[in-house]
Structures are given as C-alpha cells and as structure tokens.
Amino acid sequence: MGKAMIIGCGGVAKVTIHKCCQNSEVFSEILIASRTKSKCDEVKAELEAKGVKTIIHTAQVDADNVDELVKLIESFKPQVVVNLALPYQDLTIMDACLVTKTHYIDTANYEPPDTAKFEYSWQWAYRERFKEAEITALLGCGFDPGVTGIFSAYAAKHYFDEIHYLDILDANAGDHGYPFATNFNPEINIREVTANGRFWENGDWVETAPMEIKRVYDFPQIGEKDMYLLYHEELESLALNIKGIKRIRFFMTFGQSYLTHLKCLENVGMTSIEPIDFEGKQIVPLQFLKAVLPDPASLGPRTKGKTNIGCIFQGVKDGKPVTYYVYNVCDHQECYHEVGSQAISYTTGVPAMIGAMLVMNGTWQKPGVYNVEEFDPDPFMDALNKWGLPWVEDFNPTLVP
Ligand SMILES: NC(=O)c1ccc[n+]([C@@H]2O[C@H](COP(=O)([O-])OP(=O)(O)OC[C@H]3O[C@@H](n4cnc5c(N)ncnc54)[C@H](OP(=O)(O)O)[C@@H]3O)[C@@H](O)[C@H]2O)c1
C-alpha cells in the first residue's frame with residue numbers, strides 16, 4: 001500500500017499509470033501531475049471507467065519549477081516520484097525530491113535543452129546529497145537504459161565470472177504506415193540518432209560519424225534487419241559497472257524510409273536546435289518539426305509488428321568461454337489492446353512501474369544515486385515476467401561481427 005507521484009502524461013507515463021493501476025495492492029494512490037492537466041484527467045477518466053482500485057489524483061505542474069514541485073509533493077506526500085516528463089526536467093525534480101526527502105526514479109538521463117549532449121555527470125553529482133537525505137535515486141529505469149542494465153547485472157550474477165563483450169540490440173519491426181514518424185518524443189529521439197556514434201573499447205571511447213557502422217542481424221521472432229551503431233546512455237554506466245568489460249556497443253534498427261527522411265530533414269536544417277528568426281519570433285527548427293510530426297501517442301492503434309530488445313554477452317565462467325543472449329519480444333498490437341499504447345512506450349513504462357514498486361517496498365532502496373545495474377537484478381527479472389515483459393535466454397546465439 002503506497003503512494004506514487006508520476007510526472008508527465010505522455011506515451012510512456014500512460015503505460016506506467018495503467019500498470020500502477022493493475023498493481024493496486026502496491027499503488028493504492030497515485031497523483032498524475034503534468035504540464036497539460038486535461039491529459040491527466042483523460043487518463044484518470046479512462047481508468048476509472050474500467051473500475052480500477054487505485055485512487056487517482058491529477059494536478060497541473062511546471063516541472064521546471066522546483067517550488068511548484070515541492071508544494072505538490074508536500075501536499076500529496078508520495079513515497080516516490082516517477083519522472084516521466086522529459087530529460088530536461090531531471091535536475092529540478094531531483095532538487096524537489098531532496099527538499100521533500102522523497103525517492104526519485106527516471107528513465108532518461110539529464111540533457112540541457114540548448115546542447116544536444118546527454119551524460120550522467122549532472123545527476124551523479126547528486127550522490128552525496130541523496131545519501132545525506134537518506135533517499136534513493138534510481139536512474140534510467142526504462143528498457144534501454146533500464147532492462148538492458150538489469151540483464152547485464154543478471155548475466156554477471158548468474159552466468160559469468162567476467163563479461164568481456166556486450167552488444168545491446170534494439171530492433172523495432174513495427175510498421176505505423178506513415179513515411180516518417182518517431183516512436184517516442186520526436187525531439188529527444190532525433191537528437192539521439194543524429195548525434196555521432198560512440199562505443200567503448202579497451203578502456204576508451206571510439207567515436208564514429210552518425211550511422212557510420214551498419215550490421216545486418218537476424219532477430220528472433222522478427223527476422224533480418226539493418227541496424228546501426230549509436231551512442232546510448234547506458235553505455236556510460238555499464239562501462240564503469242561491468243568489471244573487466246573490453247567492449248560495449250549499442251545497435252538500433254532503422255528502415256530505409258526513416259533514414260532517407262531523416263537525412264533530408266537534416267540537410268535542410270529542420271533537425272537543428274539552434275533558434276532562428278521566423279516572422280519576428282525565435283523558433284527552434286527541431287521543436288517546429290515535432291509540432292508537425294504525428295504525436296507518438298497516436299501511433300498505438302496503427303502500429304503492427306514486434307520489438308526485440310536484448311543483450312549478447314561474451315565472457316568466461318570457471319575458465320571456459322560463455323556466450324549468452326537475453327531478450328524480450330513485445331507485440332505492438334497486444335500492448336495497444338492492453339494499455340492503449342504501442343510497444344516502445346510499453347517497454348519503457350512497465351520497467352518504470354517495476355522500479356517504483358521495488359523502491360517503494362524497500363527491495364531496491366539504498367541512500368544515494370544509482371543506475372539499475374547496481375541493484376540485485378533477480379526481483380526485477382521476476383517482475384518483468386509477471387508484468388508483461390517476459391524474457392528469453394539463448395546460450396548459442398549468432399554473434400554480431
Ligand atoms: N529508457 C527508455 O527505454 C526510454 C524509451 C523511450 C522514452 N524514454 C524517456 O521517457 C520520457 C517520456 O517520453 P514520452 O515518449 O512519454 O514523451 P512525451 O510523450 O513527449 O511525454 C512527455 C510528457 O512530459 C510532459 N512535460 C514536458 N515538459 C514538462 C514540464 N516542464 N512540466 C511538466 N510536464 C512536462 C509533457 O506535457 P505535455 O503533455 O503538455 O506536452 C508530456 O505529457 C522521456 O524522458 C524519454 O526520453 C526512455
């Protein structure tokens with residue numbers, strides 16, 4: 001029996017809210033607080049019509065404003081704040097959690113709005129303050145980052161003495177029927193995929209041009225897909241937390257239509273985050289682009305097909321070489337029928353609920369700021385099977401060249 005405050009009411013938050021309501025024994029009361037209160041009220045009405053047991057409150061909040069957040073947290077008194085707004089709000093929400101001594105969870109690391117650069121340094125700088133306040137901050141508790149870190153901790157705990165190589169593979173074979181749309185917040189998504197690629201090798205970062213490294217992989221239950229090496233935020237924490245690791249790479253699949261549109265938009269300057277003058281007003285091209293693209297939340301009913309996200313590990317156990325692939329396959333339409341969202345939001349929103357549950361019930365509480373792989377993975381792995389993201393193991397997978 002506990003109270004959680006969820007900030008944001010977009011694609012991912014909607015899934016977490018549905019899942020909290022399915023798990024009403026843990027989440028007896030939730031507060032949905034976001035910039036546009038009408039969206040929170042719509043989700044509340046939808047769930048109340050289904051007769052859920054969780055008591056749902058809603059509120060308007062500007063999560064860039066620490067004082068507003070503090071007032072809201074003080075009046076609702078949740079055990080945990082789940083940040084499902086945008087990465088730009090991470091620090092203000094962490095500040096409010098410090099003032100009110102409330103546990104904190106998010107799914108994406110801080111990114112300053114005016115620089116397309118994300119890294120953990122800003123949030124890791126809160127370690128001492130969270131320790132002193134005796135509260136837990138759980139960073140990056142979506143799928144990737146999130147479950148990919150939990151898979152890594154699970155592999156290290158059960159199957160390896162040392163992991164030497166890790167490839168994280170994120171495949172989306174979903175088709176929404178649009179020539180170009182992004183599966184989650186377009187601004188965050190495009191900033192991520194237009195940045196240089198980067199991977200960890202022999203104690204250092206190796207940088208590549210965007211989409212420079214391409215591989216083809218035959219994904220279980222999905223088939224052959226082109227995938228491209230990207231920098232992804234969990235690489236930073238996993239490079240520190242997996243002892244003895246020699247190389248970590250992250251690959252994501254993209255279809256040709258997506259890449260052709262993206263190149264064209266980039267070439268004409270539409271993906272830029274530099275403000276420009278337009279009819280006497282300053283606008284950011286990428287934010288304008290977001291306004292004309294389909295809302296990711298609207299893709300749910302249209303998207304058919306599956307996602308497959310997982311990790312391939314190579315290393316040694318008892319002196320013998322071991323290879324291990326663990327992945328989840330998620331069906332867009334099944335997600336839509338269950339919670340009204342496609343699989344990208346689903347695979348992020350479910351781990352956020354599980355993380356909130358484990359922090360609330362004390363299983364994953366330790367004062368300070370932590371990435372998911374720093375906790376015991378077993379209760380999380382059990383919960384993934386229970387709450388809609390079952391995983392599959394393969395001890396003889398095809399390796400990525
Ligand atoms: N780890 C993973 O696997 C993973 C995968 C996908 C996404 N993510 C992360 O999940 C988060 C949510 O993504 P999404 O696709 O759900 O995004 P979204 O649909 O754009 O939703 C964002 C929500 O945050 C609200 N918001 C934005 N700024 C706010 C502010 N200043 N104050 C209060 N509310 C604010 C928005 O309000 P409005 O409704 O008014 O716009 C919206 O409801 C992002 O941080 C994203 O990077 C993580």
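Residues numbered from 1 in each chain as written. Predicted model: local features only at pLDDT ≥ 70, side-chain atom pairs only at ≥ 80, totals over all residues. Heavy atoms only, no water.

S.K.: Quick question: what am I supposed to make of the overall build of the protein here?
M.R.: Helices and strands together make up the secondary structure of the protein, namely 14 helices and 18 strands. Over its C-alpha atoms the protein spans a radius of gyration of 20 Å, differing by no more than 12% from the 21 Å that the globule rule assigns to 401 residues. Each of the three principal axes of the protein carries a C-alpha extent, and together these read 55 × 55 × 40 Å. Approximately 16,500 Å² of the protein is accessible, and the part contributed by carbon and sulfur atoms is 50%. Across the protein, the mean location of the 36 positive side-chain charges is 3 Å away from that of the 54 negative side-chain charges. (Helix = DSSP H or I, 4+ residues; strand = E, 2+ residues; numbered from the N terminus. Rg over C-alpha atoms; globule rule 2.2 N^0.38 Å. Areas by Shrake-Rupley, 256 points an atom, 1.4 Å probe, with all protein chains shown as cover. Lys, Arg positive; Asp, Glu negative; His and termini not counted. Charge placed at Lys NZ, Arg CZ, Asp CG, Glu CD.)

S.K.: What's the story with the state of the cysteines in this structure? I'm lost.
M.R.: Should the sulfur atoms of two cysteines be covalently bonded, the bond is a disulfide. Taken as a whole and assessed by the stated rule, the structure comprises 0 disulfides. Here Cys20 is not disulfide-linked; the sulfur of Cys21 is the nearest cysteine sulfur, at 6.7 Å. (Disulfide = S-S within 2.5 Å.)

S.K.: Is there a simple way to think about the site of the ligand in this case?
M.R.: Neighbouring residues of the ligand: 28 residues in total, closest Arg35, Thr36, Lys39, Ala63 and Asn185. Val12 places a main-chain nitrogen or oxygen 2.9 Å from an oxygen atom of the ligand. The backbone of Asp144 places a nitrogen or oxygen atom 3.0 Å from an oxygen atom of the ligand. Bound to the protein, the ligand loses 92% of the 940 Å² it would expose on its own. Residue composition of the shell around the ligand, grouped by class: 13 nonpolar, 10 polar and 5 charged. (Near = heavy atom within 4 Å. Polar contact = N/O pair within 3.5 Å; in protein donor to acceptor, adjacent residues only side chain to side chain. Nonpolar A, V, L, I, M, F, W, Y, C, P; charged D, E, K, R; others polar.)

S.K.: Could you clarify how one ought to interpret the side chain of Arg249 in this entry?
M.R.: Following the sequence through the fold, Arg249 ends up in strand β12 (residues 247-253). On the basis of relative accessible area, Arg249 is assigned to the buried category, the value being 5%. In terms of polar contacts, Arg249 uses its side chain to reach the side chain of Asp167, at 2.8 Å. Setting aside its immediate chain neighbours within four residues, Arg249 contacts Leu166, Asp167, Ile168, Phe199, Arg215, Leu229, Leu235, Val400 and Pro401. (Buried < 20%, exposed > 50% of the residue type's maximum accessible area, 1.4 Å probe, protein only. Contact = heavy atoms within 4.5 Å.)

S.K.: Please clarify how the pattern of salt bridges should be interpreted in this entry.
M.R.: Side chains bearing opposite charge may pair, as long as their charged atoms lie close to each other. Under the criterion given, the structure shown has 11 salt bridges. For the salt bridge of Asp161 with Lys317, the shortest nitrogen-to-oxygen distance reads 3.7 Å. Taken as a pair, Asp161 in the loop between α7 (147-158) and β7 (162-172) and Lys317 in strand β15 (residues 306-317) lie far apart in primary sequence, 156 residues in all. The shortest N-O distance in the salt bridge between Asp167 and Arg249 comes to 2.8 Å. With a gap of 82 residues between them, Asp167 in strand β7 and Arg249 in strand β12 connect regions that are remote in the sequence. One exposure class covers both Asp167 and Arg249, and it is buried. (Salt bridge = Lys/Arg side-chain N within 4 Å of Asp/Glu carboxyl O.)

S.K.: How should the side chain of Thr100 be read in this particular structure?
M.R.: Mapping Thr100 onto the fold places it in helix α4 (residues 90-100). Among the polar contacts made by the side chain of Thr100, one reaches the side chain of Thr102 at a distance of 2.8 Å. Once you skip the residues sitting within four places of it in the chain, Thr100 turns out to touch Val70, Ile73 and Glu74.

S.K.: I would appreciate a short explanation of the nonpolar core in the present structure.
M.R.: For soluble globular proteins, nonpolar side chains are generally found buried alongside one another. The biggest cluster of nonpolar side chains holds 90 residues, and the ones touching the most others in it are Phe27, Ile30, Phe151, Phe313 and Ile354. No other element matches the 11 residues that helix α13 (residues 343-360) contributes to this core. For Phe151, the contacting residues outside a window of four places in its chain are Phe143, Ile309, Gly310, Cys311, Phe313, Val326, Tyr327, Met381, Leu384 and Trp391. Within the second largest apolar cluster, 30 residues are counted, among which are Val70, Met94, Tyr110 and Phe130. (Core = buried A, V, L, I, M, F, W, Y, C linked by side-chain atoms within 4.5 Å.)

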